[in-house]
Amino acid sequence: MGAPVFREDIWLTRSLRFDATASSMDSRTGSWLGRSLAAMFALLAIFVSSPAVTAQGDTRIRPVPCLHADIGDTTEADILGGTVPLDCGARQTVHGGGNFWVLLTGFSATSRADDPLVLRTASVWQDAVTLQIRYADGFTAQIAATSANTSPRIRPGAFIQYDLPVRNVPINTIVAHVEGSANVRGVLFSPEILTRSQAARRDLVLTALYAGFLGLCLALLCYNLMMWAVMRRRFQLAYCAMLVAMMAYAFSSSGALAWVWPAIDNNDRLRINYGLLTLVVAAAIAFVRHFFEARIIPRWLLRLTRVATVTSLTATTALVVLAPTRFSLLDAANSIALGALLFCAIPMIVFARIRRSRFLTVFLVAWAAPFIFAVIRVIANLGLIPPSFWIDNSTVMAMSAEALLSAVAIAYRIRLLSDERDSARASETLARLIAATDPITGMPNRRAFMAAAVGADEPQRLLLVHIDGFKEINDRIGHDGGDEVLRIVAQILQRFAPRDAPVARLGGIEFALLVPARAAESVSPATLLDEVRTARMPSGIKVTISIGIAEGPIVTEEDWTALYRDADRARYRASRDGGGRFRINLAHAV
């Protein structure tokens, strides 16, 4: 009994020592975490801006699209002849939705058989596109596509690629007739003419980026699901939901969905993009709600966040179901609802700062980029800044950074949770030790002794020990001296007791030692008497003890009561006979 308790006590001491240094460790960890995350941001910035992303030897042609809204009275000849006004400078979105003529000119490029030219545009909502490719000799080639058959042309990054016919004559003009354009991002958005080899290099880079992003999300999903199975924290489930939504969004917005499902209408793929992006934001806000400690975020703000989430999901559902009807209005409503949902993160962060959340720093570092890019995207969607391909794809790039950084942030969060759990266990162990330990001698008390003694399968020998004349000892050397005598006798008993034998102070001046009856010869009461008699005591006094011995079963508490009564009778006879001796009562011995 004695030895295991002291081993637990040593563990508790180490745990408490760990807790005493926790704050300094947290500050060092926070400093290291900040440097590590800054390095990750620097590496990501270097990678994104590296020449590999833009391809070496870049000879791509980026013609400026000139627009003319088609109300049914304009032909291709009018566009080429310059008889109708063309808008080459204003933002395309100012013209609203409808049908358009788009003129691409001011360039000259020859499509070679060994490396033909392609025209790429970003995927936007439109019903049909007809391209008239004009060569320097007056020859015209035509390419027609609809949203229903565009999916096979989708390339990584959701670019639509049109292969330009190969001729030994330069191409100098392309006229596009676009039907059913929503024009919320543009009519012919980010057109580029480049060689197929250049397009292949870009495809390789973008495929690697998207594949790396999906692989990272999958790894984080498995990791967080396993951690949730152990820790059961709600923020882990919210994060897993966000990862699933992010993977689905990346799969659709990258164009991979069109490769897997070539028959899908491209406009329907864009509907899916809208829905999945809203799910990403909603899951991200749910993650923020549960990431911080309990009671950090007030209830009114949690209710407001739920309202914003429902509103955003409703607006997105309306856009997905009703588009292209009132597309501009529905898109604006969807963007405003997403912006309001994102805005809910700001007061959450403010309250985390005011109420001193330990997780605020790592959260800000991990989520600063996604939040900023998400806000920029909402602003661009509302037409307050010009749209661009990079803004539309900022979600995946920013969430790639977030996924890398959140792996560290969540690991840090879990580490603090682990520390809290260890501290709680240490507190629980301390409480158990206090409840089972005698405060004066530090040895187990009656409760601990009973827990260890009752239920023994074999007969036991009980040694009941009393200190002789303890009242006179207290009168002579005071209560502090009396307490020291109790501690010395306790130490002697603990040294005397065999390993794992229950030993305790039952109360007052009464101590108990229990050993199996078959090993009774290994415990000599005469030796114990001599050790106490010769021990150095406070003020040089001499102390003796009386020992009562009894044997019997202790299967139940009734057995214990009978055994204790027999041992106490024997101890009484030893005290009556002058003390400093032992007596044995084997009346109930088996």
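Residues numbered from 1 in each chain as written. Predicted model: local features only at pLDDT ≥ 70, side-chain atom pairs only at ≥ 80, totals over all residues. Heavy atoms only, no water.

Some details on the overall build of the protein chain
When its secondary structure is counted, the protein chain shows 18 helices and 14 strands. Counting every position in the protein chain, which comprises 590 residues, the buried fraction comes to 49%. Considering only intrachain contacts with a sequence separation of at least 6, the fraction spanning at least 24 residues in the protein chain is 77%. When the accessible area of the protein chain is evaluated, it comes to approximately 27,400 Å², of which 61% is carbon and sulfur surface. (Helix = DSSP H or I, 4+ residues; strand = E, 2+ residues; numbered from the N terminus. Buried < 20%, exposed > 50% of the residue type's maximum accessible area, 1.4 Å probe, protein only. Contact = heavy atoms within 4.5 Å. Areas by Shrake-Rupley, 256 points an atom, 1.4 Å probe, with all protein chains shown as cover.)

As for the sheet that holds strand β7 (residues 159-163)
On the basis of which strands lie adjacent, the open sheet formed by 4 strands has the order β6-β7-β3-β9 and antiparallel pairing. Either end of the sheet is taken by a strand with one partner, and the two such strands are β6 (154-155) and β9 (192-195). Against the sheet, helix α5 (residues 196-231) contacts β3 (117-122), β6, β7 and β9, and its axis sits at roughly 100 degrees relative to β9. (Pairing = 2+ DSSP bridges. Axes fitted to C-alpha atoms, helices over the stretch in contact; angles between N-to-C directions.)

With respect to the pattern of salt bridges
Counted under the stated rule, the structure contains 20 salt bridges. For the salt bridge of R196 with D163, the shortest nitrogen-to-oxygen distance reads 3.7 Å. Placement of the pair is R196 in helix α5 and D163 in strand β7, with a sequence separation of 33 residues. With a shortest N-O distance of 3.3 Å, D568 and R571 are connected by a salt bridge. Residue D568 and its partner R571 are both found in helix α18 (residues 557-576); the two are separated by 3 residues, about one turn of the helix. Because the salt bridges share partners, they merge into one network encompassing R62, E192 and R202. (Salt bridge = Lys/Arg side-chain N within 4 Å of Asp/Glu carboxyl O.)

Details of the packing of α5 against helix α6 (residues 234-253)
At their nearest, the axes of α5 and α6 sit 9 Å apart, and the two run at 160 degrees to each other. With respect to each other, α5 and α6 are oriented roughly antiparallel. Here α5 and α6 pass one another in a crossing that is left-handed. When α5 is examined against α6, the residues Y210, F213, L214, C217, L218, L220, L221, N224, L225, M227, W228 and M231 are found in contact with a partner set consisting of Q236, L237, Y239, C240, L243, V244, M246, M247 and A250. Here the residues of the contact of α5 with α6 are counted per class, giving 19 nonpolar, 2 polar and no charged. (Parallel < 35°, antiparallel > 145°, perpendicular 65-115°, else oblique. Left-handed = near helix turned anticlockwise from the far one by under 90°. Nonpolar A, V, L, I, M, F, W, Y, C, P; charged D, E, K, R; others polar.)

Remarks on the side chain of T305
Of note, T305 is situated in helix α9 (residues 299-322). According to the relative accessible area criterion, T305 is buried, its value standing at 1%. Beyond its immediate stretch of four places on either side in the chain, T305 contacts I285, R289, L341, C344 and M348.

Digging into α6
Because an α-helix completes one turn every 3.6 residues, residues spaced three or four positions apart along the sequence face the same direction. In a regular helix each residue adds 1.5 Å, so 20 residues correspond to 28 Å; α6 covers 28 Å between its end C-alpha atoms and thus fits that length. One or two positions beyond α6, positive phi appears at G255, with a value near 100 degrees. (Expected span 1.5 Å × (residues − 1).)

Section: the environment of Q132
Its place among the elements puts Q132 in strand β4 (residues 128-135). Given a relative accessible area of 13%, Q132 falls into the buried group. Contact partners of Q132, with chain neighbours within four places excluded, come to E76, T140, A141, Q142, T173, I174 and V175. Side-chain polar atoms of Q132 contact the side chain of Q142, separated by 2.5 Å. (Polar contact = N/O pair within 3.5 Å; in protein donor to acceptor, adjacent residues only side chain to side chain.)

Considerations on the packing of α9 against helix α11 (residues 345-354)
Interhelical geometry of α9 versus α11 gives an angle of 160 degrees and a closest axis separation of 10 Å. With respect to α11, the element α9 is oriented roughly antiparallel. Here the hand of the crossing between α9 and α11 comes out left-handed. Counted together, W300, L301 and T305 of α9 and P347, M348 and F351 of α11 form the full contact between these two elements.

Notes on the sheet that holds β4
Across the sheet, which stays open at both edges, the 5 strands sit in the order β1-β2-β8-β4-β5 with antiparallel pairing between neighbours. Looking at which strands have only one partner, the edges of the open sheet turn out to be β1 (66-70) and β5 (140-146). Each strand of the sheet is rotated relative to its neighbour by a mean of 15 degrees, with strand direction disregarded. Note that β4 and strand β8 (residues 171-181) share 8 bridges and pair antiparallel.

As for the nonpolar core
Generally speaking, soluble globular proteins have nonpolar side chains that are buried together. By size, the foremost hydrophobic cluster in this structure holds 47 residues, and its most contacted members are F291, F292 and I297. I488, I492, V503 and I541 belong to the second largest nonpolar core, which has 32 residues in total. (Core = buried A, V, L, I, M, F, W, Y, C linked by side-chain atoms within 4.5 Å.)

Considering the state of the cysteines
Following the criterion strictly, the structure yields 1 disulfide and no others. Each disulfide pairs two cysteine sulfurs, and for C66 the partner residue is C88, the sulfurs being separated by 1.9 Å. Judged by the sign of its S-S torsion, about 115 degrees, the bond between C66 and C88 is right-handed. Of the two residues, C66 is situated in strand β1 and C88 in the loop between α4 (76-81) and β2 (98-109); the sequence distance between them amounts to 22 residues. The partly exposed category is assigned to C88, whose relative accessible area is 38%. Cysteine C222 is unpaired, with the sulfur of C240 as its nearest cysteine sulfur at 9.1 Å. Accessibility expressed as a relative area gives 39% for C222, which makes it partly exposed. (Disulfide = S-S within 2.5 Å.)

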